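Chain and residue survey
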Amino acid sequence: EGANLQLEAIPTENYLFDRWEGDLATESNPADLTMNSDKVITAVFKREPLTMGGDGSQSNPYQVHTLDDLAAIGLEENLDKHFIQVSDIDASKTIDPAEGQRFMGIGDEEHPFAGSYDGNGYTINNIVLNISTVKLHNGLFGYVKEGILSNVRIVNNVDLSKTTDLFTVGKAQTESNEFNILTKNDILQRSALGFLVGFNDGGYIDNCSVQAIVGGESRAVGGLVGINTGTIESSEFTGIVSSLNVGAGLVGINTGNIVDSSTDGRASGQTSAGLVGYNMNGEIINSFTTADVRSGFTVGGLVAHNSGQIISSFSKENKIFDSTGVIGGLVGQNEGDIENSYTLTDLSLFLDQVLDIVSGGLVGENMSGGSVTNSFSAVTFDAP
């Protein structure tokens, strides 16, 4: 009692002392303290400001040089800032499966990314994502809320001739058709995985490309985006997409707009398609796929299930194989509008005496409300 003390708070790496709170209200460090009663004192720290260049504004974005810079975007205080990549990024160390080495996605549903990231034409090479079973949405950017991603280039090594699908979807499994009755709000609760973005909630993705392998057992999986309610323009995916649920080359579930975009490689899933798994009241315009589609029960060369609009789009130079159920060269099930579109997809059907197959060169099943205008198919059928 009555002793005069000097109290010092020592920050850990990448932090700065900010202030004392409680019975010691000062920004001084060290701080003088007289023990004339019991004391409850809290030291408050803050992160060091980013030193990557720029100030995070739209006119002077932070400059991203390294993988550490990229990871720093995920800090809560940076999620509404603006960034520009200024060099190629080697992410090879994320290949190591050791604890903490794989890249943690930027943003989640509680703390979404709402700023902008301009890849500036540079590449992010050999990056491996940490696919969290706790987070609902996973990707390089886990959750984007009205943010902007442009000119992003992700390049991972993919050998389509040697790599097999991550999951094997049994031919005898049945389709629950659960997505056919989902509302838009229901989609928000759906787990999703996309290599660039897990959930694009009203965001804008422009001129982005991904070359990678991506897969998830019980998720809506897209090579570029898992679930899209925003706009994707002039973007592409090349690689392998695999899922035990929805697997599609570009987007797993789309309620937004996809324009001038494409895919190549291979997609597989219980519901699978070369470009989009479920196009639910969304728009697909001037887009195409050359990706093969493997296995699944509801399958389309371009789209598995469409209740939106498909305009001036096509699938060609690709194949649907090892599939059974509802199969269409362009669209598996259609209850929306298809205009000025075509398919040159090869269909190789898996005949099973137990399961019925509904197939069509252009559309497998044109449901109530579905319309097809000025469109055609020129496909080959193989039913061993």
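Residues numbered from 1 in each chain as written. Predicted model: local features only at pLDDT ≥ 70, side-chain atom pairs only at ≥ 80, totals over all residues. Heavy atoms only, no water.

1. Here we look at the overall build of the protein chain
- Within the protein chain, the regular secondary structure consists of two helices and 43 strands.
- Relative to its 384 residues, the protein chain shows a buried fraction of 49%.
- A separation threshold of at least 6 residues defines the contact pool for the protein chain, and within that pool the share at least 24 residues apart is 76%. (Helix = DSSP H or I, 4+ residues; strand = E, 2+ residues; numbered from the N terminus. Buried < 20%, exposed > 50% of the residue type's maximum accessible area, 1.4 Å probe, protein only. Contact = heavy atoms within 4.5 Å.)

2. A few points about the sheet that holds strand 10 (residues 137-138)
- The strand order 10-14-18-22-26-31-35-39 describes an open sheet built from eight strands, whose pairing is parallel. Strands with a single pairing partner mark the edges of an open sheet, and in this sheet they are strand 10 and strand 39 (358-360).
- Taken together, the three bridges between strand 31 (residues 298-300) and strand 35 (residues 326-328) define a ladder with parallel strand orientation. In the strand pairing of strand 35, Val299 is matched with Ile327. (Pairing = 2+ DSSP bridges.)

3. A short note on the packing of aromatic side chains
- This structure, assessed with the given rule, holds nine aromatic pairs.
- On the basis of an interplanar angle of 15 degrees and a centroid distance of 5.0 Å, the ring pair of Tyr143 and Phe199 is categorised as stacked. One end of the pair, Tyr143, is in strand 11 (residues 141-145); the other, Phe199, is in strand 15 (residues 197-201), and 56 residues separate them in sequence.
- Here Tyr143 falls in the buried class, since its relative accessible area comes to 8%.
- Pairing Tyr342 with Phe376 gives two aromatic rings, centres 5.2 Å apart and planes at 5 degrees, and the pair type is stacked. Linking Tyr342 in strand 38 (residues 342-349) with Phe376 in strand 42 (residues 376-377), this pair joins segments that are 34 residues apart in sequence.
- On the basis of relative accessibility, which here comes to 45%, the residue Phe376 falls in the partly exposed class. (Phe/Tyr/Trp six-rings, centres within 6.5 Å; stacked < 30°, edge-to-face > 60°.)

4. Here we look at the pattern of salt bridges
- The tally for this structure, following the rule as stated, stands at six salt bridges.
- Asp68 is the partner of Lys93 in a salt bridge, and the nearest nitrogen-oxygen pair spans 3.9 Å. With Lys93 in the loop between strand 7 (89-90) and strand 8 (116-118) and Asp68 in helix 1 (residues 67-72), the pair connects residues that are 25 residues apart, well separated along the chain.
- Since its relative accessible area comes to 47%, Lys93 is described here as partly exposed.
- On the basis of relative accessibility, which here comes to 55%, the residue Asp68 falls in the exposed class.
- Among the ionic pairs, Lys81 bridges to Asp80, the shortest N-O distance being 3.1 Å.
- Through salt bridges with shared partners, one network takes in Asp18, Arg19, Glu21 and Lys46. (Salt bridge = Lys/Arg side-chain N within 4 Å of Asp/Glu carboxyl O.)

5. Focus on the side chain of Ser307
- Examined against the element boundaries, Ser307 turns out to sit in the loop between strand 32 (303-306) and strand 33 (309-311).
- At 3.3 Å, the side chain of Ser307 forms a polar contact with the backbone nitrogen of Asn281.
- When neighbours within four sequence positions are excluded, Ser307 is seen to be in contact with Asn279, Met280, Asn281, Glu335 and Gly336. (Polar contact = N/O pair within 3.5 Å; in protein donor to acceptor, adjacent residues only side chain to side chain.)

6. Some points on unusual backbone geometry
- A cis amide bond, omega 5 degrees, links Asn29 with the succeeding residue Pro30.
- Here Pro30 is to be found in the loop between strand 2 (15-22) and strand 3 (31-34).
- Residue Asn207 is not a glycine yet carries a positive backbone phi of 55 degrees.
- On the secondary structure map, Asn207 appears in the loop between strand 16 (204-206) and strand 17 (209-216).
- Phi at Ser234 takes a positive value of approximately 50 degrees, unusual for a residue other than glycine.

7. Describing the nonpolar core
- In this structure, Leu70, Phe113, Tyr117, Ile127, Leu140, Leu149 and Leu196 are the most contacted members of the largest nonpolar core, which totals 54 residues.
- Counting only elements with at least two residues in this core, the list comes to strand 5 (62-64), helix 1, strand 11, strand 17 and strand 21 (236-243).
- If we ignore the near neighbours within four places in the chain, the residues touching Leu196 are Gly139, Leu140, Phe141, Leu149, Val152, Ile154, Ile205, Cys208, Val210, Gly223 and Leu224.
- By size, the runner-up hydrophobic cluster in this structure holds nine residues, among which are Phe199, Ile227, Val246 and Met280. (Core = buried A, V, L, I, M, F, W, Y, C linked by side-chain atoms within 4.5 Å.)

8. A few points about the sheet that holds strand 8
- Strand order in this open sheet of eleven strands is 5-6-8-12-16-20-24-28-33-37-41, and the pairing throughout is parallel. Of all strands in the sheet, those with a lone pairing partner are strand 5 and strand 41 (371-373), marking the two edges. Strand after strand, the sheet turns through a mean of 10 degrees between neighbouring axes, direction not considered. (Axes fitted to C-alpha atoms, helices over the stretch in contact; angles between N-to-C directions.)

9. Comments concerning the pairing of strand 19 (residues 225-228)
- Summarising the sheet, strand 15 and strand 19 pair through three bridges and their orientation is parallel. In the sheet register, Asn200 faces strand 19, and the bridge partner there is Asn228.
- Sheet topology note: the strand 19/strand 23 (residues 251-254) ladder contains three bridges and is parallel. Counterpart to Ile227 in the pairing with strand 23 is Ile253.

10. Brief notes about the confidence of the model for the protein chain
- Of the residues in the protein chain, 89% have a pLDDT of 70 or more, and the chain-wide mean is 88.
- Every residue in residues 170-182 is under pLDDT 50, and counting partners more than four places away or in other chains gives 28 contacts. (pLDDT = per-residue confidence, 0-100.)

11. Thoughts on the environment of Leu160
- With respect to the secondary-structure elements, Leu160 resides in the loop between strand 13 (153-155) and helix 2 (184-187).
- Taking relative accessible area as the criterion, Leu160 reaches 33% and is therefore assigned partly exposed.
- Once residues within four sequence positions are removed from consideration, Leu160 is found in contact with Gly239, Ile240, Gly265 and Arg266.

12. Focus on the side chain of Ser243
- Relative to the helices and strands, Ser243 is located in strand 21.
- Within the structure, Ser243 has its side chain in polar contact with the backbone nitrogen of Asn245 (distance 2.8 Å).
- At 3.4 Å, the side chain of Ser243 and the backbone oxygen of Val246 are in polar contact.

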